[in-house]
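Topology and contacts: notes
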Amino acid sequence: MEKSDKLYARYVQILKEELLPAMGCTEPIAVAFAAAKAREILGTLPERTVVEASGNLIKNVKSVTVPNTDGMKGIEAAVAAGMIAGRAEKRLEVISKVSASEKRAIAAYVKEKEIKVRIAQSDLVFDLAVTVFSGSDTAKIRIVDEHTNIVLIEKNDEKIFEKRPAGEYMEEETKKDILTVDRILDFAKTCDLEDVKSVLKRQIQYNSAIAEEGLKKPWGANIGRLIWEYNDHTDVRVRAKAKAAAGSDARMSGCEMPAVINAGSGNQGITVTLPVLEYAKELKSTKEELYRALILANLLGLHQKAGIGRLSAYCGAVSAGCAAGAGIAFLMHENDTVIKHVIVNCLAITSGIICDGAKPSCAAKIASSVDAALLALAMAQHKQQFRAGEGIVKKGVENTICSVGRLGKNGMRETDKEILRIMTEA
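On a predicted model such as this, the values are computed, not experimentally measured, just so you know.

What to know about the overall build of the protein
- When helices and strands are tallied, the protein shows 17 helices and eight strands.
- Over its C-alpha trace the protein gives a radius of gyration of 21 Å, about what one expects of a compact globule, namely 22 Å for 426 residues.
- In the protein, buried positions account for 59% of the 426 residues.
- Here the analysis covers contacts within the protein between residues at least 6 apart in sequence; of these, 75% occur between residues at least 24 apart.
- About 17,100 Å² of surface is accessible on the protein, with carbon and sulfur atoms providing 49% of the total.
- Computed over 59 positive and 55 negative side-chain charges, the inter-centroid distance for the protein is 1 Å.

As structure tokens, then:
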């Protein structure tokens, strides 16, 4: 792809906008960000708070540990962390700096202050409103579609800032139109690495560090450590699964280290990165080969999620694992046809995995998704493939990705609602 091509600059922009650092699961961090911003607008610590959140958001916050809270979970903990220690200007790292005294204050705030949580009366999958009260003063922050996308700021019922919500998945639909597998392959092969090197280096650094943390210490269900310790970790396939899972182990259980996200998710960012990195080490790939493989994997992850949306009953680890498999094939110098078959094969294997919120079992789903990607790669290398008409597989990689997008966005809406009902049963 030529630099003069208008799509070239857009692809660079997408990578810079998407590959951002975030500390903790991005849904509770979005709640903490909104709470911190609401407190800032109110001008004082609120006496009470009302949170209106879409079902998907509630699902993803319910069971995950909020960082820097000494192990607390849930929306109330995220609200309190944002109120007490949040720095809204740090956005997805809003609670990255919390003192010991602030941690104690967070716990006290949850116990002493009223924090009500309601399901938002909204058709949007990602919709969050935080309204705070102190005496006769009020402030409100509303975020939609993406984790820090503020569309409304109010104080005492006066609008300080407002923009019309773009509409469900408008930005994703724009990406869907721009991103195609052929264009992504072209960009990955020809991109001037100086344009994206800094974001890729940060992704490697941050996601490698949190994976190592997950292997060193007991986090969550210790999926990464189990894979590492009870298998031959001289085998690159074992390392690829173990490190990706270990990063999620740590992240889902309150580790205070940041991860670089993909499609709004640290788990997806970790899954896209670590398997490709481990194979690059094994294959003794050059830095250039590694960076180009990561460009491919990151953009393929974003391409798949563009048709599904940020939140769904469809597990995002599937998309990310599939993208990592394609990146590994790229490192092995496989041709475009093989890479496309890897994508189709992988989606045919694991597209049934559901998302039942962020929690320790995400690490096991990541390991399964990476395993499926490696099987998909082996199939493609041995000229084996799933063919059009077999289940949801369609003729051509784009049609199959579109099929899965329909499944995740439309077909699983009722599944999503039932998952939430199951999760919130007393």
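Topic: the nonpolar core
- Phe187, Val276, Ile295, Leu299 and Ile343 are the most contacted members of the largest nonpolar core, which has 86 residues in total.
- The biggest single contributor to this core is helix H13 (residues 316–331), with eleven residues.
- Not counting the four nearest positions on each side in its chain, Val276 is found in contact with Leu290, Ala293, Leu294, Ala297, Ala324, Gly327, Ile328 and Leu331.

With respect to H13
- Taking 1.5 Å per residue, 16 residues should reach 22 Å; H13 reaches 23 Å between its end C-alpha atoms and fits that length.
- For H13, the tally of buried residues reaches 16 of 16 residues, placing the bulk of the element in the interior.
- Once H13 ends, the next one or two residues include His333, with phi positive near 65°.

Some words on the pattern of salt bridges
- Tallied over the full model, the rule gives 28 salt bridges.
- Note that Arg10 is salt-bridged to Glu17, the shortest N-O span being 3.8 Å.
- Using a relative accessible area of 16% as the deciding quantity, one classes Arg10 as buried.
- Here Lys243 makes a salt bridge to Glu212, at a shortest N to O gap of 2.8 Å. Note that Lys243 is positioned in helix H10 (residues 236–252) and Glu212 in helix H8 (residues 197–216), a separation of 31 residues in sequence.
- Exposure remark for Glu212: the relative accessible area of 30% places this residue in the partly exposed category.

Here's the deal with the pairing of strand E2 (residues 48–53)
- Inspection of the sheet shows E2 paired to strand E3 (residues 114–119) by six bridges, in the parallel sense. Within E3, the position partnered with Ala53 by the bridge is Ile119.

Looking at the side chain of Asp249
- By secondary structure assignment, the location of Asp249 is in helix H10.
- For the buried Asp249, no salt bridge is present, and the opposite-charge side chain at shortest range is Arg225, 7.7 Å distant.
- Once residues lying within four places of it in the same chain are set aside, the contact partners of Asp249 are Trp219, Gly220, Ala221, Asn222, Ile223, Gly224, Arg225 and Ala363.

Things to note about helix H12 (residues 287–306)
- In this model, H12 (20 residues) spans 28 Å end to end at C-alpha, consistent with the 28 Å of a helix rising 1.5 Å per residue.
- Judged by how many residues are buried, H12 sits mostly within the fold: 17 of 20 residues are covered.

Focus: the sheet that holds strand E4 (residues 127–134)
- Overall, mixed pairing links the six strands, which are arranged E3-E2-E4-E5-E6-E7 in an open sheet. What marks the edges here is a single partner per strand, and that holds for E3 and strand E7 (158–162). When strand polarity is set aside, the average angle formed by the axes of neighbouring strands in this sheet is 15°.
- Looking at chain direction, E2 and E4 are connected through six bridges and run antiparallel. The residue bridging Ala53 from the neighbouring strand is Leu128, located in E4.

Observations regarding the packing of H8 against H10
- Two elements in contact, H8 and H10, have axes separated by 7 Å at closest approach and are oriented at 85°. By the angle between their directions, the pair H8 and H10 is classed as roughly perpendicular. The residues of H10 that touch H8, namely those facing Ile210, Ala211, Glu212, Glu213, Gly214 and Leu215, are Ala242, Lys243, Ala246, Gly247, Ala250 and Arg251.

A few points about unusual backbone geometry
- For Asp157, which is not glycine, the phi dihedral falls at a positive 65°.
- Mapped onto the fold, Asp157 is located in the loop between strand E6 (150–155) and E7.
- With relative accessibility at 66%, the residue Asp157 sits in the exposed group.

Things to note about the environment of Pro21
- Position of Pro21 relative to the elements: it lies in strand E1 (residues 21–23).
- Each C-alpha atom, one on Pro21 and one on Arg104, is 26 Å from the other, the two residues being 83 residues apart in sequence.
- Once residues within four sequence positions are removed from consideration, Pro21 is found in contact with Leu92, Glu93, Arg202, Tyr206, Ala259 and Val260.

Some details on the state of the cysteines
- Scanning the entire structure with this criterion turns up zero disulfides.
- Take Cys25: it sits in no disulfide, and the sulfur closest to it among the cysteines is that of Cys362, at 7.6 Å.
- Note on Cys25: relative accessible area 3%, which makes it buried.
- For the unlinked cysteine Cys322, the closest cysteine sulfur is that of Cys346, found at 4.4 Å.

Here we look at the packing of aromatic side chains
- Summed over the entire model, instances satisfying the criterion amount to two aromatic pairs.
- One Lys or Arg, Arg48, reaches over the ring of Phe133 and ends 3.8 Å from the middle of that ring.

About the criteria used
- Residues numbered from 1 in each chain as written.
- Predicted model: local features only at pLDDT ≥ 70, side-chain atom pairs only at ≥ 80, totals over all residues.
- Heavy atoms only, no water.
- Helix = DSSP H or I, 4+ residues; strand = E, 2+ residues; numbered from the N terminus.
- Rg over C-alpha atoms; globule rule 2.2 N^0.38 Å.
- Buried < 20%, exposed > 50% of the residue type's maximum accessible area, 1.4 Å probe, protein only.
- Contact = heavy atoms within 4.5 Å.
- Areas by Shrake-Rupley, 256 points an atom, 1.4 Å probe, with all protein chains shown as cover.
- Lys, Arg positive; Asp, Glu negative; His and termini not counted.
- Charge placed at Lys NZ, Arg CZ, Asp CG, Glu CD.
- Core = buried A, V, L, I, M, F, W, Y, C linked by side-chain atoms within 4.5 Å.
- Expected span 1.5 Å × (residues − 1).
- Salt bridge = Lys/Arg side-chain N within 4 Å of Asp/Glu carboxyl O.
- Pairing = 2+ DSSP bridges.
- Axes fitted to C-alpha atoms, helices over the stretch in contact; angles between N-to-C directions.
- Parallel < 35°, antiparallel > 145°, perpendicular 65-115°, else oblique.
- Disulfide = S-S within 2.5 Å.
- Phe/Tyr/Trp six-rings, centres within 6.5 Å; stacked < 30°, edge-to-face > 60°.
- Lys NZ or Arg CZ within 6 Å of the ring centre and 35° of its normal.

Read these as spatial facts, not as claims about activity.
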